[in-house]
Amino acid sequence: APAPPPVRHLFSDPAEVEALRENLLAWYDRCKRDLPWRALAATEPDADRRGYAVWVSEIMLQQTQVATVIDYYNRWMQKWPTLQALAQASLEEVNELWAGLGYYSRGKRLQEAARKVVSELAGRMPRTAEDLQKLLPGVGRYTAGAIASISYGQATGVVDGNVIRVLCRLRCIGADSSSPAVIDHLWDMANVLVDSSRPGDFNQALMELGATVCVPKAPLCGECPVKQHCQAWRRKLFGKPPTVPDVEDCGVGDCPLCPPATEPWDSSLGVTNFPRKAAKKPPRVMRTATCVLQRRGCHGAPEYLIVQRPSSGLLAGLWEFPSLPLAQDLQEEKEREELADHLQACMGQPVAAKGLQFIGEVIHIFSHIHQTYVVYSLHLDGDVTLDPALSPSRWVTEDEFHASAVSTAMKKV
């Protein structure tokens, strides 16, 4: 068999860079998915409207799959087609439309930034990645690069989860892909690779490749338009390369991009040896007692009491059934007592712990929290309004509940 190629972590050959660009863009033109934000970005002549359309999509796509985002995006753009329209909306309206999409602070920051553009920037979106990141709350380095390249043609790279995976495989970067040293190198590579004549299309092509071909498990290497440039693919074909790295690109024995010596190449994994990530911290385990308070409404249909969460922190500003965090390992009797005391303090009237009917438990996994809701119900005869000094509250029908800004976890409850 031919000798395996040397380890070269960076792109230093201009001819190779140009070939990679051409192959990737040609593939993207043939195979790109038809997505609503791409259609808007391609057809909208107004630069600010185009930037806004891309911005909304990029915020929604953070930590959320494309298939989930499409319906939310279409409803959002139909309701608030411009920055000015979003700036006039209330946070309650934003939360209602965002409900179920998760990571609710994204919608809040998006609206805050829209108001800033209207009130402080004369309604004009910043045009460069540097200004977007500096001036707009909630816009980080990746989002700024995506908006600037796709909407305004700035030749700047982007690095998101898909791009990290593609670049780590293209150049056999086996160090922890979340480490600052690796991230800095990946940004350098993205900025070297980006096509100056079609920066937005190139960046979308790189992300599309990671989303559809260079996927985390079982990548479709046979369909990859840039496999001839991929060091991981070559390593899979030729076997493990020499233990001494290429001195042009690595500090011998101390390369910040090579896999640790304690984590050797696993031939059974092939290209999926890359990228490597540090072990995730286990999520925090939490228990919360939740009570569904129910009364008969004026038209005979049941109504339910919901309260608004604080304006900061987890699920900020959303509505929920009255709830109380619990200490771990409480007995059910003690849970009832604590919840009854909490409800009594909120309503200003006695609540008997024995009157709370246990319904069951609901488990909901947030990104960093394993949450168990211990669900109780209580039927009330008269009207009850919680102390407004504690939190806003209102009675809703079942339909009104589902139309309100409530989390997926509360819908499960």
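Residues numbered from 1 in each chain as written. Predicted model: local features only at pLDDT ≥ 70, side-chain atom pairs only at ≥ 80, totals over all residues. Heavy atoms only, no water.

## Comments concerning the side chain of Arg38
Then, number 1: Tracing the backbone through its elements, the reader meets Arg38 in helix α2 (residues 36-43).
Then, number 2: You can call Arg38 buried: its relative accessible area is 14%.
Then, number 3: Among the polar contacts listed, one links the side chain of Arg38 to the side chain of Gln204, at a separation of 3.2 Å.
Then, number 4: Those residues in contact with Arg38, other than ones at most four positions away along the chain, are Tyr28, Lys32, Arg33, Gln204 and Glu208. (Helix = DSSP H or I, 4+ residues; strand = E, 2+ residues; numbered from the N terminus. Buried < 20%, exposed > 50% of the residue type's maximum accessible area, 1.4 Å probe, protein only. Polar contact = N/O pair within 3.5 Å; in protein donor to acceptor, adjacent residues only side chain to side chain. Contact = heavy atoms within 4.5 Å.)

## As for the domain arrangement of the protein
Then, number 1: Split into domains, the protein comes out as domain 1 (7-273) and domain 2 (284-403).
Then, number 2: One C-alpha centre belongs to domain 1, the other to domain 2, and the line joining them spans 40 Å.
Then, number 3: Listed by partner, the interface residues are six residues for domain 1 and 10 residues for domain 2.
Then, number 4: When the buried surface of domain 1 facing domain 2 is broken down by residue, Glu92, Asn95 and Tyr104 rank first, second and third, together holding 60% of it.
Then, number 5: Glu92 is the partner of Arg394 in a salt bridge, and the nearest nitrogen-oxygen pair spans 3.7 Å. (Domains from an automatic or database assignment. Buried area = accessible area lost by both parts, 1.4 Å probe. Salt bridge = Lys/Arg side-chain N within 4 Å of Asp/Glu carboxyl O.)

## Describing the confidence of the model for the protein
Then, number 1: Residue-level pLDDT values for the protein average 88, and 92% of them are 70 or greater.
Then, number 2: Mean pLDDT across the secondary structure elements of the protein bottoms out at helix α13 (residues 231-238), with 85, and peaks at helix α12 (residues 199-212), with 97.
Then, number 3: Confidence drops under pLDDT 50 across residues 1-7; counting only partners more than four residues distant or on other chains, this segment forms 18 contacts. (pLDDT = per-residue confidence, 0-100.)

## What to know about the environment of Val69
Then, number 1: Relative to the helices and strands, Val69 is located in helix α4 (residues 66-79).
Then, number 2: Judged by its relative accessible area of 0%, Val69 falls in the buried class.
Then, number 3: In sequence terms Val69 and Ser57 are 12 residues apart; their C-alpha atoms lie 8.0 Å from each other.
Then, number 4: Once residues lying within four places of it in the same chain are set aside, the contact partners of Val69 are Trp37, Met60, Leu61, Thr64 and Leu101.

## Looking at the nonpolar core
Then, number 1: Among the nonpolar cores identified, the biggest contains 102 residues, and Tyr52, Trp55, Met60, Trp76, Leu186 and Leu209 are the most heavily contacted of them.
Then, number 2: When residues of this core are assigned to their parent elements, the largest contribution, eight residues, is made by helix α3 (residues 47-61).
Then, number 3: Here this core gathers at least three residues from each of two domains, domain 1 (7-273) and domain 2 (284-403).
Then, number 4: Excluding its chain neighbours within four sequence positions, the residues that come into contact with Leu209 are Leu24, Trp27, Val166, Cys214, Cys224, Pro225 and Val226.
Then, number 5: The next biggest cluster of nonpolar side chains, apart from the first, holds 16 residues, and it includes Cys291, Met347, Val351 and Tyr376. (Core = buried A, V, L, I, M, F, W, Y, C linked by side-chain atoms within 4.5 Å.)

## A few points about the packing of α3 against helix α9 (residues 141-152)
Then, number 1: α9 packs onto α3 with a crossing angle of 145 degrees between their chain directions and a minimal axis gap of 9 Å. You can see that α3 and α9 cross each other, and the crossing is right-handed. Within the contact between the two elements, α3 uses Ala47, Asp48, Arg50, Gly51, Val54, Trp55, Glu58 and Ile59 and α9 uses Tyr142, Thr143, Ala146, Ile147, Ile150, Ser151 and Tyr152. (Axes fitted to C-alpha atoms, helices over the stretch in contact; angles between N-to-C directions. Left-handed = near helix turned anticlockwise from the far one by under 90°.)

## Describing α12
Then, number 1: With 14 residues, α12 should cover 20 Å at 1.5 Å per step; its first-to-last C-alpha distance of 20 Å lies within 8% of that length.
Then, number 2: Here α12 lies mainly inside the structure; 11 of its 14 residues are buried.
Then, number 3: Here the buried face of α12 lies against α1 (14-31), α2, α9, α10 (161-170) and α11 (180-193). (Expected span 1.5 Å × (residues − 1).)

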